[in-house]
Structure formats: structure tokens, C-alpha cells
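Given next are the chains, with one letter for each unit.
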Amino acid sequence: MTTEKFIENIKNIYGRFEDDISKKIFCDRLLYSLTGNMEYVLNIVRGTEEGQEVYSRLKKCNKKKVIFGAGIWGKNIINAYRDMTFECFVDNKVLNSNKFYCGLPVISFEQYLKDYKNDLVVISSRLYHTEIYDQLKKAGIAEEDIIDAGMLIDNMSKRQYFDLPQLQKKITEKEVFVDGGSFDGKSSVAFMNLCGGNYRKIYVFEPDPDNQSKCEDTLKNYRGTGENLEMIFKGLWDEKTTLRFAAISNGSSKVDKNGTKQIDVVSLDEVIHDTVTFIKLDVEGSEFRALSGARRIIQNDRPKLAISIYHKPEDIWELPALIYSFNPDYSFYLRHYSTAASETVLYAL
């Protein structure tokens, strides 16, 4: 693509966004993709109530800072708040201090109590933030020395894909919903709650074997007659094939040429023959291929779309352009759902 064509493409996408919030997020994500400057991510994060809370507390604190949870969210916090200095990670799974993560030492809880008990600790775990918070309080850590970022991230994630008012106004009792990259099934439950339990069909796609079990456990109480919820334990792509896959047993599992497992992938166009009304996609970098595999549905049905748009730098311009090329009648919105660089969602309505 020539420079002139790229600029024309960016202008066209920018013009499709319907509100100032979306335009601001688009500009910051675009500049982050082009420069790698995390200040643009901070601009997005500070635009959320939760992100502003974490950042302001970090900025005001003159104590040493540690992160509790050496996982993906801990890494995201390190990357998002690069203007802050963190001493180490704390993790309950560490038995000694000979491990490093993101260039920082990972220490045990016992070592933390010995060296950093009176400093600021940021809880990064989304899944176990309640348990970690209780653990810290029982150990005598002052409430003002705890930032429960995991709780804030979890609260934001519960709104993700569904909280845009313009989308909610378009929800009917005849929804056919595609949950692409379901992880633990909770996004399908959130959709059911949004509909008040009144919908026509849900298709759940999840290729990670461990996550499939999580989906089944989450959704076993919501299967209804068995006809309005269908679990398809395959990945989404633009064709039917077999691909290498990194099964991490969490929301980060993804198609990866160096992955140790193989999965079957399919296209939405070949699998679903209902009139689809709503597609959610969070497939860890496979969004372009998955959308390409839904070309017929997007052209003919014009479903509401909630698409993750942060996994690859080029997503911020390639995904809106792809959707627009399939159906130029869409209008776009952007919203952000984390205190770090991840979880930006493109809504196409």
C-alpha cells in the first residue's frame, strides 16, 4: 500500500467513528501502533475511570512498588505504566527468588512480607484478586498500600463487548449471537443477561481443551432446551483447515506456528446458516482471518460486531477497513476495557 493510499484509508476509517471518545481512542491506538510509544496507551487508559484511579494512585505514592501476580495482567501493567518503577513481582507459586519475569525478580509471599510489607502492592490477577486481597489484609497490609487493579480489570471485563448504549438499543428477542473465542463462557452469559434470557440462538467457539471445560462448566445451567446454545470446539479462520496452536489454558491461547498442539479451524460462513445478528470476536490475533471467514454473513446479515482490535499493531486500521469493504453501511465506535494496553473493542453497528 502506498503512503497516499494508507493516509486515505486512515481518513476514511476516522470518518466512520460516531463520537469523540472513539475518535480519541482511534488516534491514540494508531499512534501507538506506528511509534510504540506507551504514552499513547496511557492516554487511552486515563480516559477510563478505572485506569485513572490506578495511575493517579501510582503517581502520588512515594513508596516502593511491587506487583502481586506474575502473569499476563502483571506484564500488561508493567508495559502500560513504564514511567513507574516496580521493584519485583510477588507470586504464591514461587518457592524461591531465582525466577525473573519481564526483567524483574519474582519473589515469594514470605519474602515480600520481609522486604516490602510497608510498600505499595498492586494486585494484577483478574481471577484471584479477591483471594490475594484477603491474603494481604490477613498479613496486616494496610488498605492504603493496596491497589486492587485485578478487581478493576475484572469489573471492566464484565462490561466488555456489551456496554455501548448504541448497541444495547439494537438488542431484540430474536438475537443469534456468535461468541468467537469464548474462553470460559462468561461472555455468552453476559449476552444472555443483556437479552434478559430472550434470544434465539448462541454459537460458542473455543478451541483450547482446558477452556472448553470451563465453557461447559459455566454454561451447563444455561443450555435451555439444548437447541438454543451450541458449543463448537473449534477455532475461527477463513477456511476449514488444521493449524498449530499454543494452548495456554487461559484467555491468551492462540493460533501459533510454534504451538505444540493442533486444532481444527472453520469459517463462520461455512458453519452457520442462520441469520446472524451479533458477532463477538476475541481470538488473540486471528480476528482478520475470522472476519474474512464471515464475509457472507457481514454482507448479507449486517450483524452487530464487537471485535477485539489490539492484538496486532495493524489491527487498528486493517480490521475497520476490512469490515467496511464487506459492508459500507456500518458505523464504528471504540471503547477500552482495561488498565493496560489490551482490551480495546471495535463496535460496528
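Conventions we followed
- Residues numbered from 1 in each chain as written.
- Predicted model: local features only at pLDDT ≥ 70, side-chain atom pairs only at ≥ 80, totals over all residues.
- Heavy atoms only, no water.
- 1 Å grid on protein atoms, 1.4 Å probe; cavity = no way out; pocket = protein on both sides within 12 Å on 5 of 7 lines; lining within 4 Å.
- Points joined across faces, edges and corners; volume = space filled by probe spheres on them.
- Helix = DSSP H or I, 4+ residues; strand = E, 2+ residues; numbered from the N terminus.
- Nonpolar A, V, L, I, M, F, W, Y, C, P; charged D, E, K, R; others polar.
- Contact = heavy atoms within 4.5 Å.
- Buried < 20%, exposed > 50% of the residue type's maximum accessible area, 1.4 Å probe, protein only.
- Arc of directions from axis to C-beta.
- Salt bridge = Lys/Arg side-chain N within 4 Å of Asp/Glu carboxyl O.
- Pairing = 2+ DSSP bridges.
- Axes fitted to C-alpha atoms, helices over the stretch in contact; angles between N-to-C directions.
- Core = buried A, V, L, I, M, F, W, Y, C linked by side-chain atoms within 4.5 Å.
- Polar contact = N/O pair within 3.5 Å; in protein donor to acceptor, adjacent residues only side chain to side chain.

## Re the layout of surface pockets
Its volume calculated, the second largest pocket comes out at about 260 Å³. Mapped by element, the contributors of at least two residues to the lining of the second largest pocket are α2 (20-35), α3 (39-46), α8 (149-159) and β16 (332-336). In terms of residue count, α2 provides more of the lining of the second largest pocket than any other element does, 4 residues in total. Across the lining of the second largest pocket, the residue classes break down as 7 nonpolar, 4 polar and 6 charged.

## Section: the side chain of Asn9
Structurally, Asn9 can be placed in helix α1 (residues 3-16). If we skip the residues at most four places from it in the chain, Asn9 touches Met1, Trp317 and Ala321.

## So, α3
For α3, the complete set of buried residues consists of Val41, Leu42, Ile44 and Val45. Each buried residue of α3 lies within a common arc of 160° when the element is viewed along its axis, so the set occupies one face.

## A short note on the pattern of salt bridges
Two side chains of opposite charge can pair, provided their charged atoms sit close to one another. If you walk through the whole model with that rule in mind, you get 15 salt bridges. Taking the shortest distance from any N to any O, the salt bridge between Asp19 and Arg335 comes out at 2.7 Å. Of this pair, Asp19 sits in the loop between α1 and α2 while Arg335 is found in strand β16, placing the two residues 316 residues apart along the sequence. You can call Asp19 buried: its relative accessible area is 18%. Here Arg335 falls in the buried class, since its relative accessible area comes to 16%. Asp154 serves as the salt-bridge partner of Arg126, at 3.1 Å between the closest nitrogen and oxygen. Here Arg126, found in the loop between β5 (120-123) and α7 (129-138), pairs with Asp154, found in helix α8; they are 28 residues apart in sequence, far enough to count as distant. We classify Asp154 as buried; its relative accessible area is 14%. Among the ionic contacts, a cluster of salt bridges with common partners joins Glu50, Arg159 and Asp163.

## A word on the sheet that holds strand β14 (residues 278-281)
Read across the open sheet, the 7 strands follow the order β9-β8-β7-β14-β15-β17-β16; overall the sheet is mixed. Pairing within the sheet leaves two strands with one partner each, and these edge strands are β9 (229-232) and β16. Taken over all neighbouring pairs, the strand axes of this sheet differ in orientation by 15° on average, direction set aside. Across the face of the sheet, helix α10 (residues 186-195) comes into contact with β7 (176-180), β8 (201-205), β9 and β14 while running at roughly 155° to β7.

## Let's talk about the sheet that holds strand β1 (residues 65-68)
Backbone-to-backbone hydrogen bonds pair the strands of a sheet. The strands run either parallel or antiparallel. Spatially, β3-β4-β2-β1-β5-β6 is the arrangement adopted by the 6 strands of the open sheet, whose pairing is mixed. Every other strand in the sheet has two partners, leaving β3 (99-101) and β6 (146-148) as the edge strands with one partner each.

## Focus on the nonpolar core
One finds Phe205, Leu268 and Ile323 to be the most contacted residues of the largest nonpolar core, which totals 39 residues. The greatest single-element share of this core, amounting to 6 residues, is contributed by helix α15 (residues 315-326). Setting aside its immediate chain neighbours within four residues, Ile323 contacts Leu291, Leu305, Ile307, Tyr330, Phe332, Leu346 and Ala348. Ranked by size, the runner-up nonpolar core spans 26 residues in total, among them Val54, Leu58, Leu104 and Val106.

## Digging into the environment of Lys201
Position of Lys201 among the secondary structure elements: in strand β8. We classify Lys201 as buried; its relative accessible area is 13%. Within the structure, Lys201 has its side chain in polar contact with the side chain of Glu230 (distance 3.3 Å).

## Re the environment of Lys24
Counting through the fold element by element, Lys24 comes out in helix α2. Given the relative accessible area of 44%, Lys24 is considered partly exposed. Taking the C-alpha atoms as reference points, Lys24 and Ile44, separated by 20 residues in sequence, lie 8.0 Å from one another.

The values reported here are purely geometric and, on their own, carry no functional implication.
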